[in-house]
Amino acid sequence: MSGFQDRGFALLARYAAYRIQRRFGIYVAPTSKIARSVAFPHPTGIVIGEGVIVHDRAKIFQNVTLGGARVGDQKAGNYPEIGPDTVLFAGAVVVGNVRIGANCVIGANSVVLNDIPDNSIAVGAPARIVKTAVTPAASASSTETQS
């Protein structure tokens, strides 16, 4: 996972961001880091800020906003990081220095202001965790300790 700027393609990144913005109505900052395997099933109205990191196989639906909570967050590094295999449903907002773990689901129109652990489902404004799945590795280790 690397952004265009890591390879010296800053001008190409700006051009690609401009074309995407014009065609789909989305804004993706050229300095954000988005894995190639990220899916945008309905690419409309998406905003991804400067320091955002989106890992492999994430899905981002329409009208999702990922960014800083205030002006100047790029210098402070206060941007969200989205873990692998995470789904952000329509209208979700993730702002500030927030880490969303792997295999998470963020419900439609949720506002995420705090970290979300791996394998969780978060909904609401502000988002709260409604379910945390037990991974097979965690359940196997707890079974071994009980024996």
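Conventions adopted
Per-chain numbering applies: the sequence of each chain, read as written, is numbered from 1 onward. Reporting in this predicted model follows two pLDDT cut-offs: at least 70 for local features of residues, and 80 or more for side-chain atom pairs to be given and counted; totals over whole chains, interfaces and linings ignore these cut-offs and use all residues. By convention in this description, side-chain values take in all heavy atoms of the structure and omit both hydrogens and water. Secondary structure is summarised from DSSP: a helix means a run of H or I of at least four residues, a strand means a run of E of at least two, and numbering begins at the N terminus for each. The buried label goes to any residue with under 20% of its type's maximum accessible area, the exposed label to any with over 50%, and the partly exposed label to all in between, with areas taken from a 1.4 Å probe on protein chains only. Throughout, a residue-residue contact means that at least one pair of heavy atoms, one from each residue, lies within 4.5 Å. Methods summary: accessible areas were calculated by the Shrake-Rupley approach with a probe of 1.4 Å, and residue burial reflects only the protein chains presented. Definition used for salt bridges: Asp or Glu carboxyl oxygen within 4 Å of a side-chain nitrogen of Lys or Arg. Contacts described as polar in this section are N or O atom pairs within 3.5 Å, which, within protein, must combine one atom able to donate a hydrogen with one able to accept it, while residues neighboring in sequence count only if both atoms come from side chains. When DSSP finds two or more bridges between a pair of strands, those strands are recorded as paired. What a helix should span is 1.5 Å times the count of its residues minus one.

**Remarks on the overall build of the protein**
Thinking step 1. When helices and strands are counted, the protein shows 3 helices and 14 strands.
Thinking step 2. Considering the protein as a whole, with its 147 residues, one finds that 31% of them fall into the buried category.
Thinking step 3. Intrachain contacts of the protein at a sequence separation of at least 6 include 25% that bridge at least 24 residues.
Thinking step 4. Within the structure as shown, the protein displays about 8,500 Å² of accessible surface, and the carbon and sulfur contribution to it stands at 55%.

**Regarding the pattern of salt bridges**
Thinking step 1. Applying the stated rule across the entire model yields 2 salt bridges.
Thinking step 2. Where D85 meets R57, a salt bridge forms, and the shortest distance between an N and an O atom there is 2.8 Å. Within this pair, whereas D85 is found in the loop between β7 (81–82) and β8 (87–88), its partner R57 is found in the loop between β4 (53–54) and β5 (59–60), the two being separated by 28 residues in sequence.
Thinking step 3. Overall, the relative accessible area of 46% leaves R57 in the partly exposed class.
Thinking step 4. Residue D118 pairs with R99 through a salt bridge whose shortest N-O separation is 3.8 Å. With D118 in the loop between β12 (111–112) and β13 (120–123) and R99 in strand β10 (residues 99–100), the pair connects residues that are 19 residues apart, well separated along the chain.

**Topic: the side chain of N119**
Thinking step 1. Mapped onto the elements of the fold, N119 is located in the loop between β12 and β13.
Thinking step 2. Taking the relative accessible area as the measure of exposure, N119 reaches 17% and is therefore buried.
Thinking step 3. A polar contact is formed between the side chain of N119 and the side chain of N103, at a distance of 3.2 Å.

**Section: the sheet that holds β7**
The strands making up a sheet associate through backbone hydrogen bonding, with each pair oriented either parallel or antiparallel.
Thinking step 1. Strand order across the open sheet formed by 4 strands is β2-β4-β7-β10, with parallel pairing between neighbours. Pairing within the sheet leaves two strands with one partner each, and these edge strands are β2 (33–34) and β10.
Thinking step 2. Inspection of the sheet shows β4 paired to β7 by 2 bridges, in the parallel sense. By the bridge assignment for β7, I53 is matched with E81.

**A few points about helix α1 (residues 10–24)**
Given 3.6 residues to a turn, an α-helix orients residues that are three or four positions apart in the same direction.
Thinking step 1. Over its 15 residues, α1 runs 21 Å from end to end, which matches the ideal 21 Å to within 8%, given 1.5 Å per residue.
Thinking step 2. Of the residues trailing α1, G25 is marked for its positive phi of about 75°.

**Considerations on the sheet that holds strand β11 (residues 105–106)**
Thinking step 1. Spatially, 5 strands are ordered β5-β8-β11-β13-β14 in an open sheet, and the strand pairing comes out mixed. The open sheet is flanked by β5 and β14 (128–132), the only strands paired with a single partner.
Thinking step 2. Looking at chain direction, β8 and β11 are connected through 2 bridges and run parallel. Each residue of the ladder has a partner; that of V87, found in β11, is V105.

**Digging into the side chain of S120**
Thinking step 1. Take S120: it is sitting in strand β13.
Thinking step 2. At a separation of 3.4 Å, a polar atom in the side chain of S120 contacts the side chain of T132.
Thinking step 3. Residues contacting S120, with those up to four places away along its chain left out, are N103, C104, V105, I129, K131 and T132.

Any functional reading would require information beyond the geometric quantities listed.
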